[in-house]
Amino acid sequence: MRTKIVAGNWKMNKNLEETEALLSELSAKIPDTDAHVIVAPTFVNLEAAKRALEASTIEVAAQNMHFAENGAYTGEISADMLMNIGVDTVIIGHSERRSYFGETDDFLAKKVKTAVDKQMKVIFCFGEELEERKSNNHFSVVESQLKNGLFHLDAKAWKHIVLAYEPVWAIGTGETASPEQAQEMHAFIRNTIAKAYNTSVANAVSILYGGSVKPSNATEIFSKPDVDGGLIGGASLNSDDFVAIVKAI
Ligand code: PEP
């Protein structure tokens, strides 16, 4: 049985008071669930989030990290810094990091390696742009993102990996991949991993869908056999919406 996961990526939203308020609402409202619930507030509020969720099963993740151990990387955060405050899950490769901050597959592969070496859990994001889907290149783009970002790992390291397929054209746009499009791509991803490694690695990895998931479409998307949950942006900023999505799993 693969782990079902609903993760909220808060991006650059919520100051300290707002973070504490949203977490207290979530702690009160998140139902008993087999799903693993994760929230990723901004760096400066990670410690407060850890404190606020001390008695909760909700996990705290970082939205990014640097690959270097330490050193002259102004503005950056290392894996050890995260782990030192009890954060051992990190989102790597979000499309906003790729497009606004120029993070390439090679750069992301280094981050993945550092995180896995440190025994962190990585939520690795990838997905095609609209033009790539329109030109029917979405499968090859996804295949190359997986290969370049992750296939340097050995099979054992895959227990640290959660995948998040996020078609860029569906992120924050209100446009969602249809449940059939999500299933088709998730099955392709699993198959690609099976070919590169083996079926036990492929069948064990949780593959989340991300891109305008909301209470009204979550049930249908999550009902697909290769969709193991969601990475949620906008709708994770509102407790009622996020809780409704958790309930849909
Ligand atoms: C995201 O940024 O990872 C995301 C899925 O955003 P949204 O849900 O707002 O489309």
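Caption draft 1: Inspection of the overall build of the chain at higher detail. Of regular secondary structure, the chain possesses eleven helices and eight strands. Computed over C-alpha atoms, the radius of gyration of the chain comes to 17 Å, within 12% of the 18 Å expected from 2.2 N^0.38 for 249 residues, which places it in the range of a compact globule. Dimensions of the chain, computed from C-alpha atoms along their principal axes, come out at roughly 45 × 45 × 35 Å. Here the analysis covers contacts within the chain between residues at least 6 apart in sequence; of these, 71% occur between residues at least 24 apart. As presented, the chain carries roughly 11200 Å² of accessible surface, and 49% of it is formed by carbon and sulfur atoms.

Caption draft 2: Geometry of the packing of helix H7 (residues 138-150) against helix H8 (residues 179-196). At a minimum axis separation of 11 Å, H7 and H8 run at an interaxial angle of 45°. Put simply, H7 runs oblique to H8. Classified by chirality, the crossing of H8 by H7 is right-handed. Mapping the contact onto sequence places His-138, Phe-139, Val-142, Glu-143 and Leu-146 in H7 and Glu-184, Met-185, Phe-188, Ile-189 and Thr-192 in H8.

Caption draft 3: Summary view of the environment of His-66. The residue His-66 is located in the loop between strand S3 (59-60) and helix H3 (79-84) in this model. Every residue in contact with His-66, bar those within four places of it in the chain, is listed here: Tyr-73, Glu-76, Ile-77, Ala-79 and Phe-107. Within the local environment of His-66, its side chain forms a polar contact with the backbone nitrogen of Ala-68, the two atoms lying 2.9 Å apart.

Caption draft 4: Seen up close, the site of the ligand. Close to the ligand lie 14 residues; Lys-11, His-94, Glu-166, Gly-172 and Ser-212 are nearest. His-94 places a side-chain nitrogen or oxygen 2.7 Å from an oxygen atom of the ligand. Tallied by class, residues from the shell around the ligand come to four nonpolar, eight polar and two charged.

Caption draft 5: Just helix H10 (residues 215-222), in detail. Three or more residues of H10 are buried, namely Asn-217, Ala-218, Ile-221 and Phe-222. Each buried residue of H10 lies within a common arc of 125° when the element is viewed along its axis, so the set occupies one face. Looking at H10, the residues exposed on the side facing more than 90 degrees away from the buried face are Ser-216 and Thr-219. Along its buried surface, H10 packs onto strand S1 (5-9), H8, strand S7 (207-210), strand S8 (229-232) and helix H11 (239-247).

Caption draft 6: Quick look at the pattern of salt bridges. In this structure the tally under the stated criterion is 15 salt bridges. Residues Glu-103 and Lys-111 are paired through a salt bridge, measuring 3.1 Å at the closest nitrogen-oxygen approach. Looking at Glu-103, the relative accessible area reads 6%, which means it is buried. Here the salt bridges share partners, and the residues they tie into one network are Arg-2, Arg-190, Asp-226 and Asp-228.

Caption draft 7: Looking closely at the nonpolar core. By size, the foremost hydrophobic cluster in this structure holds 63 residues, and its most contacted members are Leu-26, Trp-158, Leu-163 and Ile-189. Beyond its immediate chain neighbours, meaning those up to four positions away, Ile-189 contacts Phe-126, Val-142, Leu-146, Leu-163, Tyr-165 and Ile-207. If you look at the next biggest cluster of nonpolar residues, it comprises twelve residues, including Ala-7, Ile-38, Cys-125 and Ala-164.

Caption draft 8: Inspection of the pairing of strand S2 (residues 36-40) at higher detail. Of all five residues in S2, four are buried; the element is thus mostly enclosed. Pairing of S1 with S2 involves five bridges; the strand directions are parallel. Bridge assignment links Val-6 to a residue of S2, and that residue is Val-37. Traced from S1 through helix H1 (residues 16-29) to S2, the parallel crossover comes out right-handed.

Caption draft 9: Region of interest: unusual backbone geometry. Its identity is not glycine, yet Lys-14 carries a phi of approximately 80°, on the positive side. Take Lys-14: it is sitting in the loop between S1 and H1. Owing to a relative accessible area of 25%, Lys-14 belongs among the partly exposed residues under this scheme. A positive phi angle, close to 70°, is found at Gln-119, a residue other than glycine. Mapped onto the elements of the fold, Gln-119 is located in the loop between helix H5 (105-117) and strand S5 (121-126). Using a relative accessible area of 53% as the deciding quantity, one classes Gln-119 as exposed.

About the thresholds
- Residues numbered from 1 in each chain as written.
- Predicted model: local features only at pLDDT ≥ 70, side-chain atom pairs only at ≥ 80, totals over all residues.
- Heavy atoms only, no water.
- Helix = DSSP H or I, 4+ residues; strand = E, 2+ residues; numbered from the N terminus.
- Rg over C-alpha atoms; globule rule 2.2 N^0.38 Å.
- Contact = heavy atoms within 4.5 Å.
- Areas by Shrake-Rupley, 256 points an atom, 1.4 Å probe, with all protein chains shown as cover.
- Axes fitted to C-alpha atoms, helices over the stretch in contact; angles between N-to-C directions.
- Parallel < 35°, antiparallel > 145°, perpendicular 65-115°, else oblique.
- Left-handed = near helix turned anticlockwise from the far one by under 90°.
- Polar contact = N/O pair within 3.5 Å; in protein donor to acceptor, adjacent residues only side chain to side chain.
- Near = heavy atom within 4 Å.
- Nonpolar A, V, L, I, M, F, W, Y, C, P; charged D, E, K, R; others polar.
- Buried < 20%, exposed > 50% of the residue type's maximum accessible area, 1.4 Å probe, protein only.
- Arc of directions from axis to C-beta.
- Salt bridge = Lys/Arg side-chain N within 4 Å of Asp/Glu carboxyl O.
- Core = buried A, V, L, I, M, F, W, Y, C linked by side-chain atoms within 4.5 Å.
- Pairing = 2+ DSSP bridges.
- Right-handed = clockwise from strand over helix to strand, strands pointing away.

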